[in-house]
Amino acid sequence: MTVYLTGAGPGPVDLLTLRAADVLKRAEAVFHDRLANADILELVAKGAQLVDVGKRPGEPQPQQQINEMLIDAGRRFDCVVRLKGGDPFVFGRGGEEALALRQAGIRYEIIPGITSAIAVPAYAGIPVTHRNTARHFTVVTGHNMQAGDDVDWAALAQAGGTIVILMGVSQRARIAAALVDGGMATDTPVASVQWGTRVEQKTVRTTLSSLGAVDIAPPAVIVVGNVAALDLEWFDPASTGTTPQS
Ligand code: SAH
């Protein structure tokens, strides 16, 4: 009857909203992503269908197929959860799924989640805005950089503020070059935060000129701007109870 497009937050179960936890407990079917944490999936009742629709490199689950699975489940069950990392409407394709459900006449609700775009920098002690330093922030994907990017990196370079890049690890050298071409200083501070909020969290601080050479792997959030140089680290990953990713 209702499909809940639900944000799972960046990882730890206690960064889930109460509303997300509630629908996970009631769900008869849960469609989750690859990044979904095992601790969160443990909330799901025994007997409920648990479907991994994570898009892995090499074996992609087409979005169209996911839409059809949600529509089908929405017809058969009272409570269906589509669980997505972070917030469902931040690079989560939640909008596309909502459109498909609407077209099929299936009721849906959006349950916002804590997005990695803000929470991951926060766990590295980086505020995305800071008085007098960063009056705005842009969240941008680095994913399309290879195939004729439609992001205007030069305009972002000119705009100032903080630039928060998701899905940017593989293209980090090109992104840095595009920002420098656009007029950003080569010594602009950059922080790359891998597996933020989790026990494996690793932060590497650098500058735009060295970003391409930095040893970092996905998933990571890359923060460009003066806030990336603030020394406010507080999180000790070893002290979390989060189950390490396999
Ligand atoms: N909807 C999600 C983003 C999906 S795009 C959200 O709101 O957070 C996936 C990208 O998010 C990853 O490539 C990475 O850039 C970022 N990401 C998600 N979880 C992360 C984490 N725990 N640590 C670092 N980056 C993360």
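Colleague: Could you give an account of the overall build of the protein, naming the residues involved and the relevant values?
Modeller: Along the backbone of the protein there are seven helices and 10 strands. Here the C-alpha radius of gyration of the protein, 19 Å, is about what a compact globule of 246 residues would show, namely 18 Å. C-alpha atoms of the protein, sized along the principal axes, occupy 55 × 40 × 35 Å. When each of the 246 residues of the protein is scored for burial, the buried share is 50%.

Colleague: Talk me through the nonpolar core; I want residue IDs and the actual numbers.
Modeller: If you look at the biggest cluster of nonpolar residues, it comprises 18 residues, and the most contacted ones within it are Trp153, Ile163, Ile165, Leu179 and Val224. With four residues, helix H7 (residues 172-181) is the largest single contributor of residues to this core. The residues touching Trp153, leaving out its near neighbours within four places in the chain, are Val140, Thr141, Gly142, Met145, Ile165, Ile175, Ala178 and Leu179. In this structure, Ala20, Ala27, Ile40 and Cys79 belong to the second largest nonpolar core, which totals 17 residues.

Colleague: How would you explain helix H3 (residues 63-76) if you had to name every residue and give the values?
Modeller: Since the α-helix turns once every 3.6 residues, residues separated by three or four places project in the same direction. Between its first and last C-alpha atoms H3 spans 20 Å; for 14 residues at 1.5 Å apiece the expected length is 20 Å, and the two agree. Listed as buried for H3 are Gln63, Ile66, Asn67, Leu70, Ile71, Ala73 and Gly74. Around the axis of H3, the buried residues are gathered within 170° of arc, so they sit on the same side. Exposed residues on H3 whose side chains face more than 90 degrees from its buried face are Gln64 and Arg75. On its buried face, H3 is in contact with strand E1 (2-7), strand E2 (29-32), strand E4 (79-84) and helix H4 (94-104).

Colleague: Please set out the sheet that holds strand E6 (residues 137-141) residue by residue, giving values where relevant.
Modeller: The mixed open sheet is built from five strands, whose spatial order is E6-E7-E10-E8-E9. In this open sheet, the two strands that pair with only one neighbour each are E6 and strand E9 (202-207). Each adjacent strand pair in this sheet contributes to an overall mean axis angle of 20°, direction not counted. The sheet contact formed by strand E8 (residues 189-194) and strand E10 (residues 220-224) spans five bridges and is antiparallel. Bridge pairing in E10 links Gln194 to Ala220. In this fold helix H5 (residues 116-123) packs onto E6, strand E7 (162-166), E8 and E10, with an angle of close to 80° to the strand it touches most, E10.

Colleague: I'd love a proper account of unusual backbone geometry, names of residues and values included.
Modeller: The omega torsion across Pro218 and Pro219 is 0°, close enough to zero to call that bond cis. Here Pro219 shows up in the loop between E9 and E10.

Colleague: So what's going on with the sheet that holds E2? Which residues, and what values?
Modeller: As summarised here, the arrangement of the five strands in space is E3-E2-E4-E1-E5, forming an open sheet in which the pairing is parallel. Every interior strand has two partners, whereas the edge strands, strand E3 (49-52) and strand E5 (107-111), have only one. Neighbour to neighbour, the strand axes of the sheet diverge by 15° on average, direction disregarded. Pairing analysis gives six bridges linking E1 to E4, with the strands arranged parallel. Pairing of Thr2 across the sheet is with Cys79, part of E4. Along the sheet, helix H1 (residues 18-26) contacts E1, E2, E4 and E5; its crossing angle with E1, the most-contacted strand, is approximately 135°. Each of E1, E4 and E5 touches H4; the most contacted strand, E1, lies at about 175° to it.

Colleague: Give a description of the packing of aromatic side chains that names residues and reports values.
Modeller: Aromatic ring pairs: the centre-centre distance and the angle between the two ring planes describe each pair. Throughout the structure, instances matching the rule amount to three aromatic pairs. Ring plane angle 70° and centroid distance 4.7 Å describe the contact between Tyr123 and Phe235, whose orientation is recorded as edge-to-face. Taken as a pair, Tyr123 in helix H5 and Phe235 in the segment after E10 lie far apart in primary sequence, 112 residues in all. Comparing Tyr123 with Phe235 shows no difference in burial state: the two are buried. Among the aromatic side chains, those forming a connected cluster through ring pairs are Tyr123, Trp234 and Phe235.

Colleague: Any details on the pairing of E7? Residues and values, ideally.
Modeller: Strand residues, when the strand is regular, have side chains that alternate between the two faces of the sheet. Within E7, five of the five residues are buried, leaving the element largely enclosed by the surrounding structure. Because side chains alternate across E7, one face comprises the buried residues Thr162, Val164 and Leu166, and the other comprises Ile163 and Ile165, equally buried. Pairing of E6 with E7, which is carried by five bridges, proceeds in the parallel orientation. From the neighbouring strand, Val140 faces E7, where its bridge partner is Ile165. Pairing between E7 and E10: four bridges, direction antiparallel. Note on E10: the bridge partner recorded for Val164 is Val223.

Procedures and definitions
Residues numbered from 1 in each chain as written. Predicted model: local features only at pLDDT ≥ 70, side-chain atom pairs only at ≥ 80, totals over all residues. Heavy atoms only, no water. Helix = DSSP H or I, 4+ residues; strand = E, 2+ residues; numbered from the N terminus. Rg over C-alpha atoms; globule rule 2.2 N^0.38 Å. Buried < 20%, exposed > 50% of the residue type's maximum accessible area, 1.4 Å probe, protein only. Core = buried A, V, L, I, M, F, W, Y, C linked by side-chain atoms within 4.5 Å. Contact = heavy atoms within 4.5 Å. Expected span 1.5 Å × (residues − 1). Arc of directions from axis to C-beta. Pairing = 2+ DSSP bridges. Axes fitted to C-alpha atoms, helices over the stretch in contact; angles between N-to-C directions. Phe/Tyr/Trp six-rings, centres within 6.5 Å; stacked < 30°, edge-to-face > 60°.

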